[in-house]
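# Per-entry structural report
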Amino acid sequence: MLHNAPYLEHGTIVENAMMYPDGSFDLDDERFTPNSRASYPLSFLSNIKTPPVGSYPKTILFLTADANGVLPPASRLTPEQAMLWFLMGYTSKLAGTETGIVDPVSTFSRFFGEPFMPRNPDVYARMLGERMRRHGSQVYLINTGWSGGPFGVGARMDINVTRAIVHAALSGDLDEVEYDEDARFHLLVPRQCPGVPAEILQPKNTWEDKSAYEERADKLASEFSVHFDKAYGDKNIDPAVMQQCPGK
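The shown structure was predicted, so the numbers you read here are calculated from the model rather than taken from an experiment. (Residues numbered from 1 in each chain as written. Predicted model: local features only at pLDDT ≥ 70, side-chain atom pairs only at ≥ 80, totals over all residues. Heavy atoms only, no water.)

Strand S9 (residues 138–143) sits mainly inside the fold: 5 of its 6 residues count as buried. In this sheet, S9 lies alongside strand S5 (residues 59–64) in parallel orientation, the contact comprising 6 bridges. Bridging across to S9, Thr-59 finds its partner in Gln-138. Note that strand S6 (residues 74–77) and S9 share 4 bridges and pair antiparallel. (Buried < 20%, exposed > 50% of the residue type's maximum accessible area, 1.4 Å probe, protein only. Helix = DSSP H or I, 4+ residues; strand = E, 2+ residues; numbered from the N terminus. Pairing = 2+ DSSP bridges.)

In structure tokens, the structure reads:
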């Protein structure tokens, strides 16, 4: 902690951490929350790119933590599907992210960061689709949540599986495989992925109780549909995008 340093050398923002009057932190103190974080200027680092900007990305990764255990670990999205999932911002609130969250809870936050997106939702969705087409960008939805069942029944996705999927997406390996469309969630699911057992790419295969999978998947798809109608029913969303909403 540089609490005695000149003010120009300050600049770190610390959130959700116990701070004492002398300026020191106890990062092991979890009385209020275990979800601590810090941010600081890029100028504090020596090996940065100047200026800190790059070209348009060829590969975009959407991350979701599906506590229902019904989404594939990897999916490829068309521009319309990407715009829909961008609008929905589906994930699960996990223990430690908010006060009172013990078990995961499904949540929707448009554009994966609703408070920071002040313009009308159709504007941002359209911007994404236009740039995907203009620059040939590919979007993949990566589920880091549960497999084999919902929270409490299944298991969290193996991080080595997630790493293999990310590598395959960024390297272009997923461009070369065949896909099957998930008609319920409107996702393109790869038949194979280097470094990932093929049988887990279809989430139903990992469930012992197949009927329970169908029931849980239908329930989540219905939640998507209800939320879409409530949040975007009068927001001038392109019908081609609306049709990609689960439950539609």
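There is more to say after this.
Looking now at the nonpolar core. Residues Phe-62, Leu-77, Trp-85, Leu-87, Phe-185, Phe-224 and Phe-228 are the most contacted members of the largest nonpolar core, which totals 33 residues. If you list the elements that add at least two residues to this core, you get helix H1 (79–88), helix H2 (121–135), S9 and helix H4 (210–232). Setting aside chain neighbours within four positions, we find Phe-62 in contact with Leu-77, Ala-82, Trp-85, Phe-86, Phe-112, Leu-128, Val-139, Tyr-140, Leu-141 and Ile-142. Met-157, Ala-169, Tyr-179 and Ile-200 belong to the second-largest nonpolar core, a separate cluster that totals 17 residues. (Core = buried A, V, L, I, M, F, W, Y, C linked by side-chain atoms within 4.5 Å. Contact = heavy atoms within 4.5 Å.)

Note the cis peptide between Thr-50 and Pro-51, where omega equals -5°. Topologically, Pro-51 is positioned in the loop between strand S4 (37–39) and S5. The backbone of Phe-112 shows a phi angle near 60°, a positive value even though the residue is not glycine. Inspection of the secondary structure puts Phe-112 in the loop between strand S8 (105–108) and H2. Look at Asn-236: it is not a glycine, yet its phi comes out positive at around 60°. Along the chain, the position of Asn-236 falls in the loop between H4 and helix H5 (239–242).

Let us look at the packing of H1 against H4. Where H1 meets H4, the axes come as close as 11 Å, and the angle between the chain directions of the two elements is 80°. One finds that H1 runs roughly perpendicular with respect to H4. Between H1 and H4, the contacting residues are Leu-84, Trp-85, Leu-87 and Met-88 on the first element and Phe-224, His-227, Phe-228 and Tyr-232 on the second. Taken together, the residues of the contact of H1 with H4 break down into 7 nonpolar, 1 polar and no charged. (Axes fitted to C-alpha atoms, helices over the stretch in contact; angles between N-to-C directions. Parallel < 35°, antiparallel > 145°, perpendicular 65-115°, else oblique. Nonpolar A, V, L, I, M, F, W, Y, C, P; charged D, E, K, R; others polar.)

Residue placement: Arg-110 occurs in the loop between S8 and H2. The class of Arg-110 is buried, set by a relative accessible area of 18%. On a C-alpha basis, the gap between Arg-110 and Gly-247 in space is 18 Å, while along the polypeptide they are 137 residues apart.

Before going further, it helps to examine the environment of Thr-64. Turning to its location among the elements, Thr-64 is positioned in strand S5. For Thr-64, a relative accessible area of 2% gives the class buried. Discounting residues that sit within four places of it in the chain, Thr-64 has contacts with Leu-71, Tyr-90, Thr-91, Leu-141, Ile-142, Asn-143, Thr-144 and Gly-145. Side-chain polar atoms of Thr-64 contact the backbone oxygen of Tyr-90, separated by 2.7 Å. (Polar contact = N/O pair within 3.5 Å; in protein donor to acceptor, adjacent residues only side chain to side chain.)

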